[in-house]
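Survey of secondary and tertiary structure
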Amino acid sequence: MIRKSLPSKVSIFSVEDIDRVVESAHPAYQAEGDPQFYQYHPHSALGLGRGFDPRDITEQKRPGISHSVVQIDAGSPSSELTAMYVRSQEELNFSIKLDGKMEGSYLAYKGEGSYSFENESNFSQSSVSVVLTASADYGRWGMAADAKLIEDAKNELGNGERFAALFGTRYVAVERRGASIAVLIRIEAVDMSTKFSFTSEFSGSGGWGPLSATAKQKFSTMLRLAAKHSRLEIYVKATGGPGLSALGATMKGYAASEPDPLAKIQDALSTALSEFNKDNASTVEYAVAPMSHFGWDPDAIDPWNDLKETKLRALAKEYRSARDQLAVIEGYQAGTHLLAILYPGILDGVLDRKPELEGFQEAVAERHKTCRSNVDSLGGCEMPQGRIVIVSPEVLELIGPPRIYWFISGRTENVGGYSLDDPIKCRIIMARPRGSRLAVLKEFVPDAKDMYVFLKVEGSRLLLYRIVATYSDGTKTPSGENVVWGSISVHWSTEGRPNKGEEYEDVTLSWMGKHQGEFSCMDAIEVTDRANRQFLVGYLEMTWQGDGQGNLLKSELNFLV
């Protein structure tokens, strides 16, 4: 359920809270200042035979090495399929083998085509993100034995610092070429019970990592339901290959229609990868070596180290966090952001702190510049004082998509009451035929005397709703619109006491029986919020045969909880 209160307090954190060095021992969090291997990144300046400086791999250096290229490996390429649960940008980058050093090299991502993959909003308390990858390795290419410095570079060897500035301190000795497809699947508005059931599968692997067979089964169920509930986002990113512009939409279709969508999506990835070959491959990894191989003196400069790299990445991440907050604030002030439309006034009490946030962002940018120059002591890389959070993640989650769930309540034998909204338990109960659900409920609530079943939808400032039946041929039959304030609640059925009027389940079954012949459809609640956003939230899949007189000859109901 969404939060009922609207948090608006400003949070102030000390430098000690922010200036943490390493969050985990896992390689995804380890910042190497001068690694031997670098991964692909679209903004990297690396290339076979090119010089660079580890402190900033976006900076183009003068070509200083003359060389020819040779293929080191020959033979058939290898391929790999992976599925990883990730909780942060670092884990995502590690999973898709995107170079982590780029996180610290520059401050902005927005406006780039890959921004959907490079966005901390992919991760929140109520979301689950899984990245699927399919990759092919076509081997290595390297510099031939004739590699040597060009004359201009040789002439600078006497001044090691100037040589480093012009031609770099490291060079790319070997390239590994390949191709990959990465699919980021983000499920939003996941209830805590379902998320805990899924994430508990990773308790032995640091809280994230490859999906086990059980985790795949759970995620596939979550994926299918999210597609029915308008809570699913899918992004596709390819390195090399012919381009896959339509693959994301195809995979969303699989999620909505396939009984095991995760397996179907992985099959589609494997098929798409077959269109890649060594001719349309790109560089996926670089092996580097020091310029001392060509006579440069490494003692001429202060080396870039792991601690500086860690602090540089922290500065870049903090800058982007401040930038994202300011973008929300500016949209709020202009009246265009969803917060201003759905929750006018929620940030009014803290907008006077905006200049502080802008000042902190500027201070971070200046410290980032100083740190990256590598001419100051370690103090030049420290996080500046005054970090401020005006727009908290809790506030942003208020504008997420609506969530559907079943709610069961009733009386107990000892004249008390109970309520049950655990989606997994409700799924088990609702899967049973009418008349037998109370017996199953008692496995979870032993002293339950009766039960009322409610279908509920909660979201942000919902305004209108209607029931929409979508048949297998695409035909839709919507009901009239209803005004709603807050959440939507439909009384579905009762067991253990006399019915109080006609229940919605009876209405549904009677409606099915009025069809003559065999049919299948999905019932959904279409909701419209005050920002005029529409969400189609499916709650029941039905396959049946009716006699046209209100009677069902056969039926199968699948409740989407």
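Structure: above.
Below: a short report on this structure. (Residues numbered from 1 in each chain as written. Predicted model: local features only at pLDDT ≥ 70, side-chain atom pairs only at ≥ 80, totals over all residues. Heavy atoms only, no water.)

**Here we look at the overall build of the protein**
A count of helices and strands for the protein gives 16 helices and 23 strands. Projected onto its principal axes, the C-alpha coordinates of the protein cover approximately 95 × 60 × 40 Å. Going through the 561 residues of the protein one by one, you find that 49% of them count as buried. Expressed as a percentage of contacts within the protein between residues at least 6 apart in sequence, the contacts between residues at least 24 apart total 77%. Of the roughly 25400 Å² that the protein leaves accessible, carbon and sulfur atoms contribute 49%. Charge-centre separation for the protein: the mean point of 61 positive side chains lies 3 Å from the mean point of 74 negative side chains. (Helix = DSSP H or I, 4+ residues; strand = E, 2+ residues; numbered from the N terminus. Buried < 20%, exposed > 50% of the residue type's maximum accessible area, 1.4 Å probe, protein only. Contact = heavy atoms within 4.5 Å. Areas by Shrake-Rupley, 256 points an atom, 1.4 Å probe, with all protein chains shown as cover. Lys, Arg positive; Asp, Glu negative; His and termini not counted. Charge placed at Lys NZ, Arg CZ, Asp CG, Glu CD.)

**Digging into the pairing of strand S17 (residues 462-471)**
Note on strand geometry: in a regular strand, side chains alternate between the two faces of the sheet. Of all ten residues that make up S17, seven are buried, and the element is covered over most of its length. The sheet contact formed by S17 and strand S19 (residues 482-483) spans two bridges and is antiparallel. Its bridge partner being in S19, leucine 464 is matched across the sheet by valine 483. Note that S17 and strand S18 (residues 476-478) share three bridges and pair antiparallel. Counted as the bridge partner of threonine 470 is lysine 476 from S18. (Pairing = 2+ DSSP bridges.)

**Side note on helix H14 (residues 423-430)**
All of the buried residues in H14 are Pro423, Cys426, Ile429 and Met430. Taken around the axis of H14, the buried residues stretch over an arc of 120°, which confines them to a single face. Its side-chain oxygen 2.9 Å from the backbone nitrogen of isoleucine 424, aspartate 422 forms the N-cap of H14. (Arc of directions from axis to C-beta. Polar contact = N/O pair within 3.5 Å; in protein donor to acceptor, adjacent residues only side chain to side chain.)

**Describing helix H7 (residues 213-228)**
With 16 residues, H7 extends 23 Å between its outermost C-alpha atoms, agreeing within 8% with the 22 Å of an ideal straight helix rising 1.5 Å per residue. Listed as buried for H7 are Ala215, Phe219, Ser220, Met222, Leu223, Arg224, Leu225, Ala226 and Lys228. Looking at the residues trailing H7, positive phi occurs at serine 230, about 60°. (Expected span 1.5 Å × (residues − 1).)

**Notes on the sheet that holds strand S14 (residues 403-411)**
Sheet strands line up and pair through hydrogen bonds in the backbone, either parallel or antiparallel. One open sheet holds the four strands; their spatial order is S15-S14-S16-S20, and the pairing between them is antiparallel. Of all strands in the sheet, those with a lone pairing partner are strand S15 (417-420) and strand S20 (488-495), marking the two edges. If you compare each strand with its neighbour and ignore which way they point, the axes differ by 20° on average. Relative to S15, S14 runs antiparallel, the two being bridged by four bridges. The residue of S15 that forms the bridge with arginine 411 is glycine 417. Packed on one face of the sheet, H14 meets S14, S15, strand S16 (451-458) and S20 and runs near 75° to S14. (Axes fitted to C-alpha atoms, helices over the stretch in contact; angles between N-to-C directions.)

**Structural notes on the side chain of glutamate 503**
For glutamate 503, the location among the structural elements is in the loop between S20 and helix H16 (504-513). Overall, glutamate 503 belongs to the buried group, its relative accessible area being 0%. In terms of polar contacts, glutamate 503 uses its side chain to reach the side chain of threonine 494, at 2.5 Å. If we ignore the near neighbours within four places in the chain, the residues touching glutamate 503 are Arg434, His491, Trp492, Ser493 and Thr494.

**Observations concerning the layout of surface pockets**
Taken as a whole, the second largest pocket holds about 310 Å³ of empty space. In terms of lining residues, the second largest pocket is bounded by 24 residues, among which Thr194, Met222, Leu225, Arg427 and Val561 are the most central. If you list the elements that add at least two residues to the lining of the second largest pocket, you get helix H6 (192-199), H7, S14 and H14. By residue number, the principal contributor to the lining of the second largest pocket is H7, which donates six residues. Classifying every residue of the lining of the second largest pocket by side-chain character gives 13 nonpolar, six polar and five charged. (1 Å grid on protein atoms, 1.4 Å probe; cavity = no way out; pocket = protein on both sides within 12 Å on 5 of 7 lines; lining within 4 Å. Points joined across faces, edges and corners; volume = space filled by probe spheres on them. Nonpolar A, V, L, I, M, F, W, Y, C, P; charged D, E, K, R; others polar.)

**Some points on the packing of H7 against helix H9 (residues 261-273)**
Packing of H7 against H9 leaves a shortest axis separation of 7 Å and a crossing angle of 95°. Accordingly, the angle class assigned to the pair H7 and H9 is roughly perpendicular. Contacts between H7 and H9 pair Lys216, Phe219, Ser220, Leu223 and Arg224 from the former with Pro261, Leu262, Ile265 and Gln266 from the latter. In the contact of H7 with H9, the residues fall into five nonpolar, two polar and two charged. (Parallel < 35°, antiparallel > 145°, perpendicular 65-115°, else oblique.)

**Let's talk about the pattern of salt bridges**
Counting across every chain of the model gives 33 salt bridges. In this structure, glutamate 90 engages lysine 317 in a salt bridge whose closest nitrogen and oxygen atoms are separated by 3.2 Å. Here glutamate 90, found in helix H2 (residues 89-95), pairs with lysine 317, found in helix H10 (residues 306-334); they are 227 residues apart in sequence, far enough to count as distant. Since its relative accessible area comes to 21%, glutamate 90 is described here as partly exposed. By relative accessible area, which is 28% here, lysine 317 ends up partly exposed. One salt bridge in this structure joins arginine 323 and aspartate 324, with 2.6 Å as the shortest N-O distance. Three or more residues are tied together by salt bridges with common partners; here these are Arg434, Arg437, Glu503, Glu505 and Asp506. (Salt bridge = Lys/Arg side-chain N within 4 Å of Asp/Glu carboxyl O.)

**What to know about the packing of H10 against helix H12 (residues 354-373)**
H12 packs onto H10 with a crossing angle of 150° between their chain directions and a minimal axis gap of 9 Å. Relative to H12, H10 is oriented roughly antiparallel. Pair H10 / H12 crosses with left-handed handedness. Among the residues forming the contact of H10 with H12, the class breakdown is twelve nonpolar, four polar and eight charged. (Left-handed = near helix turned anticlockwise from the far one by under 90°.)

**Regarding the packing of aromatic side chains**
This model, assessed by the stated rule, comprises 18 aromatic pairs. Both rings, one in tyrosine 171 and one in phenylalanine 294, keep their centres 5.2 Å apart while their planes meet at 65°; by these two values the pair is edge-to-face. Separated by 123 residues along the polypeptide, tyrosine 171 in strand S9 (residues 170-187) and phenylalanine 294 in the loop between strand S12 (282-290) and H10 bring together distant segments of the chain. An identical accessibility class is assigned to tyrosine 171 and phenylalanine 294; each is buried. (Phe/Tyr/Trp six-rings, centres within 6.5 Å; stacked < 30°, edge-to-face > 60°.)

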